[in-house]
Each structure stands twice: as structure tokens, then as C-alpha cells.
Amino acid sequence: MLEQKEITGEVKVIVFRLKDEEYGVEVNQVKSIEKLEHITRVPRTPKFVKGVINLRGVVTPIIDLRSRFGLEETAYGESTRIIIVGVGELEVGLIVDAANDVIDIPVDAIEPPPEVVGGVEAAYLRGVAKLEKRLLILLNLDKVLSTEEIKQLDALEG
């Protein structure tokens, strides 16, 4: 599951919140973290695709991770952020409740994901990191979007 070069050492992740859970995504997959801005709705897209934004001249599809994971949606607040990530050749914005911090996780603290964590299917997860008093759910961005969904979003971007 982990790449061979990561067997020793640490993985640097950006920590964000959805509902009452903390999640992490590897720093090397994150392009930027943005405040919520106006999202232009696009017809005939999946419910979790909120639309697109113009981010520094690039049309970027925006996905609500709560909706994608089947969690109840809530109103966006002051701490709501859009994490811009790279999924293959595509840049996508992920709406999260808050982006907290950047931490280093020892690789040996990462365990394979259980079948379901906090209502999120194991397919979307890379693992669970046990850190002192917290559990951090690590996302597998390549699985959060299927190949077909990536093609649809790529068409929005283009």
C-alpha cells in the first residue's frame, strides 16, 4: 500500500476537518489552500460537484467532500476552506470544514484502513494514523474520484 521509498521515515500531511473527524492528505498532492469564494454551478454534474472557480486564471472543478463521502451537508462558515489538490493531470478543489495544520507522521504509525471509518468507505482511504491522542484518516485521492468522474471534471476544466 505504501510506496517502497516511504517504508522508513515520515509522511508530511495537511490536516483538515470534516464533521467531527480529522483527515490528512499528503503535502506533495496539495497545490494550495484557499478561502471559500464564489462557485459557479455547472449543470448535469454529480451532486458532490459544486461547480467551478476561476483560480488565478485556471478553471478549477470544486467538490464538496462532505457530499462525496455521504455525510450531511452543512452551511459553509468562516473556517471553510478549499484545498486545491492534484489528481493525476487534473487540479480539483476539495471543500472542507477547516484546514488545521501540517504535521509529520511516522510511517510506522500508519495502519491499513478498516472497512468503514466515520461513514467513509475504505476505498477512499489510504490508512489511519495513530498519533498520541488523535486518529488521523489519510485519504487516497486517486480513489476519491473514479476515472470516469475525472474525465467529466477534466471536460469542465478544458
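Just so it is clear, the model here is predicted, and its values are computed rather than measured.

1. So, the overall build of the chain
So, step 1. What the chain contains, in helices and strands, is three helices and 13 strands.
So, step 2. For the chain, buried positions account for 49% of its 158 residues.
So, step 3. Put simply, 57% of the contacts in the chain that link residues at least 6 apart link residues at least 24 apart.

2. Here's the deal with the sheet that holds strand β4 (residues 49–55)
So, step 1. An order of β3-β6-β7-β5-β4 is seen for the five strands of this open sheet, with the pairing classed as mixed. Of all strands in the sheet, those bounded by a partner on one side alone are β3 (30–35) and β4. On average, each strand axis in the sheet is tilted by 30° relative to the strand beside it, whichever way the strands run.
So, step 2. Inspection of the sheet shows strand β5 (residues 58–64) paired to strand β7 (residues 90–96) by three bridges, in the parallel sense.

3. Let's talk about the side chain of Asp64
So, step 1. Mapped onto the fold, Asp64 is located in strand β5.
So, step 2. Among the polar contacts made by the side chain of Asp64, one reaches the side chain of Tyr76 at a distance of 2.6 Å.
So, step 3. Once residues within four sequence positions are removed from consideration, Asp64 is found in contact with Phe48, Lys50, Glu73, Tyr76 and Ile95.

4. Here we look at the nonpolar core
So, step 1. If you look at the biggest cluster of nonpolar residues, it comprises 27 residues, and the most contacted ones within it are Phe16, Leu18, Ile63, Leu65, Phe69, Leu139 and Leu141.
So, step 2. Counting only elements with at least two residues in this core, the list comes to β1 (10–18), β2 (21–26), β6 (81–87), β7, β13 (134–139) and α2 (141–144).
So, step 3. The element that contributes the greatest number of residues to this core is β7, accounting for four residues.
So, step 4. With near-sequence residues (within four places) excluded, Ile63 lies in contact with Phe48, Val49, Arg68, Val92, Gly93, Leu94, Ile95, Leu145 and Leu153.
So, step 5. With twelve residues, the next largest nonpolar core counts Val13, Ile103, Val107 and Leu131 among its residues.

5. A look at the sheet that holds β1
Adjacent strands of a sheet pair through backbone hydrogen bonds, lying either parallel or antiparallel.
So, step 1. Read from one edge to the other, the open sheet built from six strands follows the order β8-β1-β2-β13-β12-β9, with strand pairing classed as mixed. The outermost strands of the open sheet, each flanked by one partner alone, are β8 (98–106) and β9 (110–111).
So, step 2. Sheet analysis places strand β12 (residues 125–131) next to β13, joined by six bridges and oriented antiparallel. Its bridge partner being in β13, Ala129 is matched across the sheet by Leu136.

6. Remarks on the environment of Val13
So, step 1. Topologically, Val13 is positioned in strand β1.
So, step 2. Under the relative-accessibility criterion, Val13 is labelled buried at 1%.
So, step 3. C-alpha of Val13 to C-alpha of Asn28: the two residues are 15 residues apart in sequence and 8.3 Å apart in space.
So, step 4. If sequence neighbours within four positions are ignored, Val13 has contacts with Gly24, Val25, Glu26, Val27, Asp101, Val102, Ile103, Ile105, Leu136 and Leu138.

7. Let's talk about the packing of aromatic side chains
Ring pairs (aromatic) are described by centroid distance and by the angle formed between their planes.
So, step 1. Under the criterion given, the structure shown has two aromatic pairs.
So, step 2. Between Phe16 and Tyr23, the ring centres sit 5.7 Å apart and the planes meet at 15°, which makes this aromatic pair stacked.
So, step 3. Classification of Phe16 by relative accessible area gives buried; the value is 1%.
So, step 4. Between the aromatic rings of Tyr23 and Phe69, the centroid separation amounts to 6.1 Å while the plane-to-plane angle is 35°, which identifies the pairing as tilted. Of this pair, Tyr23 sits in strand β2 while Phe69 sits in the loop between α1 (65–68) and β6, and the two are 46 residues apart along the sequence. The same class applies to Tyr23 as to Phe69, namely buried.

Basis of the calculations
Residues numbered from 1 in each chain as written. Predicted model: local features only at pLDDT ≥ 70, side-chain atom pairs only at ≥ 80, totals over all residues. Heavy atoms only, no water. Helix = DSSP H or I, 4+ residues; strand = E, 2+ residues; numbered from the N terminus. Buried < 20%, exposed > 50% of the residue type's maximum accessible area, 1.4 Å probe, protein only. Contact = heavy atoms within 4.5 Å. Pairing = 2+ DSSP bridges. Axes fitted to C-alpha atoms, helices over the stretch in contact; angles between N-to-C directions. Polar contact = N/O pair within 3.5 Å; in protein donor to acceptor, adjacent residues only side chain to side chain. Core = buried A, V, L, I, M, F, W, Y, C linked by side-chain atoms within 4.5 Å. Phe/Tyr/Trp six-rings, centres within 6.5 Å; stacked < 30°, edge-to-face > 60°.

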